[in-house]
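Working through the structure, step by step
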Amino acid sequence: MAGVRIPFTGTNLSRPFTSPTPSAYLRPTIISGVAQNLSYWDSIHSDIDSHLKKVIPIREPISVFEPMHHLTFAAPKTTASALCVAACELVGGNREDAIVAASAIHLMHAAIYTHDHLMLSNSLQSNPETEPKISHRFGPNVELLTGDGILPFGFELLAGSMDPAGDNSDDILKVITEITRAVGSQGMVAGQVSDVEFDQLSGQTRRCLHGCGAACGAILGGGSHDEIEKLRRYGSIAGKIQGLLSEMDRNEGSKMQIAEKWRDLALKELEYFDSKKIEQISTLVRV
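On a predicted model such as this, the values are computed, not experimentally measured, just so you know. (Residues numbered from 1 in each chain as written. Predicted model: local features only at pLDDT ≥ 70, side-chain atom pairs only at ≥ 80, totals over all residues. Heavy atoms only, no water.)

1. What about the overall build of the chain?
Going by this rule: A helix here means a DSSP run of H or I that spans at least four residues, while a strand means a run of E at least two residues long, and both kinds are numbered starting from the N terminus. We call a residue buried when its accessible area falls under 20% of the maximum for its residue type, exposed when it is over 50%, and partly exposed in between, using a 1.4 Å probe and counting protein chains only. Computed by Shrake-Rupley with a 1.4 Å probe, the accessible areas treat only the displayed protein chains as cover when residues are assessed.
In terms of helices and strands, the chain carries 13 helices and 0 strands. Counting from the amino terminus, the chain carries its helices and strands in the arrangement α-α-α-α-α-α-α-α-α-α-α-α-α. In the chain, which comprises 287 residues, the share counted as buried stands at 46%. Summed over its atoms, the accessible surface of the chain is roughly 14500 Å², and 50% of this surface lies on carbon and sulfur atoms.

Okay, structure coming up:
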């Protein structure tokens, strides 16, 4: 973004930000009936969407929450957030234990995605045929500021989910640390600026966020140190596979061989767990 001057016009951003209502921090209620006819992963995404719609309604100040709501849901879904829930359930936790963290992970993804797809005049002039990746209902000035605001909002949700009576504060702090590392200078930011060989650090952004999602879910589900680390490695490999498959043609045999090799490594991390419980989470790496 250095050197790009964005005019701030057309939208009033001067009104003060108001924190979500206390009800937004209540223990989330999972509407299991909604997901009865959905796949396992679709049911998780449905629950994450429901929670995000509750905590990011379009309300006053409209100039803040309307673009935040829009850009949160304009970003494509990421399996990193769903993996957070799946990992939690795998180690014996409940879905509601991880839904806030999963929502925060989606917000991190949405913020990065928004910044990656800003409609800047200089980029359009250099490539006039560029197709917008998201629906740009707001100017780049608003999208830039909103992306900056989505990141801390995710941490605010996590902090608000601390329940002293439920003794989850230590786990929430661990999750905040995990996410901070994943989106920081050694994680997703590094993935955006690094120019590395494809087969060395391919898809670093996805790898970091998926590994983080799996580790966070295991932490919140009460997993042991070994379970957390195995699921972190599983998530990292799953993220690499997701990134590889999204950028390749199915006929690219050499890359498919790489994906299959990574799949075997990922499944090896799951051998530690009960074979009856890994069926659903293992579908994430099927190629």
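2. Regarding the pattern of salt bridges
Operational definition: Any Lys or Arg side-chain nitrogen found within 4 Å of a carboxyl oxygen on Asp or Glu counts as a salt bridge.
Applying the stated criterion across every chain yields a total of 9 salt bridges. The closest approach of N and O atoms between Arg232 and Glu178, which form a salt bridge, is 2.7 Å. On the criterion of sequence distance, the pair formed by Arg232 in helix 11 (residues 225-246) and Glu178 in helix 7 (residues 169-183) is long-range, its members being 54 residues apart. The buried category is assigned to Glu178, whose relative accessible area is 12%. With a closest N to O distance of 3.2 Å, Arg233 and Glu269 form a salt bridge. Here Arg233, found in helix 11, pairs with Glu269, found in helix 12 (residues 253-270); they are 36 residues apart in sequence, far enough to count as distant. By relative accessible area, which is 37% here, Arg233 ends up partly exposed. Classification of Glu269 by relative accessible area gives buried; the value is 14%.

3. With respect to empty space enclosed by the protein
This is how the line gets drawn: Buriedness for pockets is judged along seven lines, at least five of which must meet protein on both sides within 12 Å for an open set on the 1 Å grid over protein atoms alone, while cavities are sets there where a 1.4 Å probe fits but cannot get out, and lining residues have an atom within 4 Å of a point. Grid points are joined across faces, edges and corners, and a volume is the space filled by probe spheres set on the points. Three categories are distinguished: nonpolar for Ala, Val, Leu, Ile, Met, Phe, Trp, Tyr, Cys and Pro, charged for Asp, Glu, Lys and Arg, and polar for the others, with Gly belonging to the last.
The tally for this structure, following the rule as stated, stands at 1 cavity of 30 Å³ or more. Contributing to the lining of the largest cavity are His45, Ile48, Asp49, Lys77, Ser81 and His106. The leading source of residues in the lining of the largest cavity is helix 1 (residues 40-55), at 3 residues. In terms of residue class, the lining of the largest cavity is built from 1 nonpolar, 3 polar and 2 charged.

4. Side note on the packing of helix 11 against helix 12
Convention followed: Every angle, taken between N-to-C directions, lies between 0 and 180 degrees, and every axis is a line fitted to C-alpha atoms, over only the stretch in contact when it is a helix. Should an angle fall under 35 degrees it is taken as roughly parallel, and over 145 as roughly antiparallel, whereas 65 to 115 is taken as roughly perpendicular and any remaining angle as oblique. We call a crossing left-handed when the near helix sits turned anticlockwise from the far one by less than a right angle, and right-handed when that turn is clockwise. Between two residues, a contact is recorded if the distance between any of their heavy atoms is within 4.5 Å.
Where helix 11 meets helix 12, the axes come as close as 9 Å, and the angle between the chain directions of the two elements is 160°. If you check the angle between helix 11 and helix 12, you find them roughly antiparallel. Classified by chirality, the crossing of helix 12 by helix 11 is left-handed. Here helix 11 contributes Lys230, Leu231, Arg233, Tyr234, Ile237, Lys240, Ile241, Leu244 and Leu245 to the contact with helix 12, which in turn contributes Lys255, Met256, Ile258, Ala259, Trp262, Arg263, Leu265, Ala266, Glu269 and Leu270. When grouped by side-chain class, the residues that make up the contact of helix 11 with helix 12 number 13 nonpolar, no polar and 6 charged.

5. Brief notes about the confidence of the model for the chain
For clarity, the cut-off: As a per-residue quantity, pLDDT reports the predictor's confidence and falls between 0 and 100.
On average, the chain scores 80 in pLDDT, and the residues at 70 or more come to 72%. Confidence, expressed as mean pLDDT per element, reaches its minimum in the chain at helix 9 (residues 198-201) with 42 and its maximum at helix 3 (residues 79-90) with 97. Every residue in residues 31-37 is under pLDDT 50, and counting partners more than four places away or in other chains gives 3 contacts. Residue range residues 121-132 is modelled with pLDDT below 50. Its contacts to residues more than four positions away, or to other chains, number 4 contacts.

6. Thoughts on helix 7
Applied cut-off: Multiply 1.5 Å by the residue count of a helix minus one, and that product is the helix's expected span. The arc in question is formed by the directions pointing from the helix axis toward the C-beta atoms.
Taking 1.5 Å of rise per residue, the 15 residues of helix 7 would be expected to cover 21 Å, and the 21 Å separating its terminal C-alpha atoms lies within 8% of that figure. All of the buried residues in helix 7 are Ile172, Val175, Ile176, Glu178, Ile179, Ala182 and Val183. Looking straight down helix 7, one finds that the buried residues subtend no more than 160° of arc, so they occupy a single side. Seen from the open side of helix 7, the exposed residues pointing more than 90 degrees away from its buried face are Asp170 and Arg181.

7. Observations regarding the nonpolar core
Going by this rule: Only buried Ala, Val, Leu, Ile, Met, Phe, Trp, Tyr and Cys residues count toward a nonpolar core, and they belong to the same one when joined by side-chain atoms within 4.5 Å.
Among the nonpolar cores identified, the biggest contains 66 residues, and Trp41, Leu158, Ile179, Leu231 and Ile281 are the most heavily contacted of them. If one sorts the elements of this core by residue count, helix 4 (residues 95-116) sits on top with 10 residues.

8. With respect to the packing of aromatic side chains
Test applied: In summary, the pairing rule links any two rings of Phe, Tyr or Trp, Trp by its six-membered ring, whose centres are within 6.5 Å, and it sorts them by plane angle into stacked for under 30 degrees, edge-to-face for over 60 and tilted for everything else. The rule for a charge over a ring is simple: NZ of Lys or CZ of Arg within 6 Å of the ring centre, and within 35 degrees of the ring normal.
This structure, assessed with the given rule, holds 2 aromatic pairs. For the pair Tyr40 and Trp41, a centre-to-centre distance of 5.4 Å together with 70° between the ring planes defines the contact as edge-to-face. Across this residue pair, the class does not change: Tyr40 and Trp41 are buried. Where Tyr272 meets Phe273, the ring centres are 5.4 Å apart and the plane angle is 80°; that geometry is what we call edge-to-face. For Tyr272, a relative accessible area of 43% translates into the label partly exposed. Here the basic side chain of Lys53 rests over the ring of Phe73, its NZ or CZ set 5.9 Å away from the ring centre. The ring of Phe65 has Arg59 sitting right over it, with the charged end atom 4.2 Å from the ring centre.

9. Quick look at the side chain of Ser161
Structurally, the position occupied by Ser161 is in the loop between helix 6 (140-160) and helix 7. For Ser161, a relative accessible area of 16% gives the class buried. Discounting residues that sit within four places of it in the chain, Ser161 has contacts with Val100, Asn168 and Ile172.

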